[in-house]
Amino acid sequence: MPFTADIVQRLIDDFESLYERKYGKGSAYRGAGIEMTQFRLSAHGLLDRPDVPREAMGDADASAARIGTRDIFIEPENRMGPAGIYDFNRLASGNALAGPAVIHTPITTIVVQSKQTAKMDALRNIVLTFDRENT
């Protein structure tokens, strides 16, 4: 549906009607002006699926990506304690590490709490799982 002056007028009329229904007759004072601050757009289209390469899954040993240790807040235990620090770019698909640990990525930091395990999948996503026995 094209966005025309008639559509804008209908939006204003509908807004004033709803406003007065909620706040009382005469409360939608047109002379004060109306400012639209938020819009929602829905669109549909066809896209080709990208061919995303998958890495071969290796073993779980993530020690090659470990770059140090530091204290972090371990939430389930409500205390500070040591955590392994890992470089995301040095992790390989299949690597897994048990918390507490911290993974530094180029765009964020992932905290792996105790009772959690982080594993890199074939698409280089970090998947966190919880130890169900201890939660």
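Above this text you will find the structure in question.
Residues numbered from 1 in each chain as written. Predicted model: local features only at pLDDT ≥ 70, side-chain atom pairs only at ≥ 80, totals over all residues. Heavy atoms only, no water.

1. Examining the packing of aromatic side chains
Consideration 1: Enumeration according to the criterion identifies two aromatic pairs in this entry.
Consideration 2: Each ring, one from F15 and one from Y19, has its centre 5.6 Å from the other, and the planes form 40°; the classification is tilted. A residue pair is termed a helical-turn pair when its members lie 3 or 4 positions apart in one helix, as F15 and Y19 do in helix α1 (residues 5-23) at four residues.
Consideration 3: When its relative accessible area of 41% is taken as the criterion, F15 is described as partly exposed.
Consideration 4: Of the residues examined, Y19 reaches a relative accessible area of 32% and is grouped as partly exposed. (Phe/Tyr/Trp six-rings, centres within 6.5 Å; stacked < 30°, edge-to-face > 60°. Helix = DSSP H or I, 4+ residues; strand = E, 2+ residues; numbered from the N terminus. Buried < 20%, exposed > 50% of the residue type's maximum accessible area, 1.4 Å probe, protein only.)

2. What about the environment of I72?
Consideration 1: Topologically, I72 is positioned in strand β1 (residues 66-74).
Consideration 2: I72 sits in the buried class, given a relative accessible area of 9%.
Consideration 3: Excluding residues that lie within four positions of it along the chain, I72 makes contacts with R79, M80, G81, A83, P100, A101, V102 and V111. (Contact = heavy atoms within 4.5 Å.)

3. Let's talk about the nonpolar core
The tendency in soluble globular proteins is for nonpolar side chains to be buried as a group.
Consideration 1: In this structure, A62, A65, Y86, F88, L91, L97, A101, I103, I110, V112, A118 and M120 together form the largest nonpolar core, which totals twelve residues.
Consideration 2: Counting residues in each nonpolar core, the second largest holds five residues, with I72, I74, A83 and V102 among its members. (Core = buried A, V, L, I, M, F, W, Y, C linked by side-chain atoms within 4.5 Å.)

4. What about the environment of P82?
Consideration 1: With respect to the helices and strands, the residue P82 is situated in strand β2 (residues 79-87).
Consideration 2: Accessibility expressed as a relative area gives 52% for P82, which makes it exposed.
Consideration 3: Between the alpha carbons of P82 and D71 there is a distance of 4.2 Å; along the sequence they are eleven residues apart.
Consideration 4: Not counting chain neighbours up to four residues away, the residues in contact with P82 comprise T69, R70, D71, I74 and P100.

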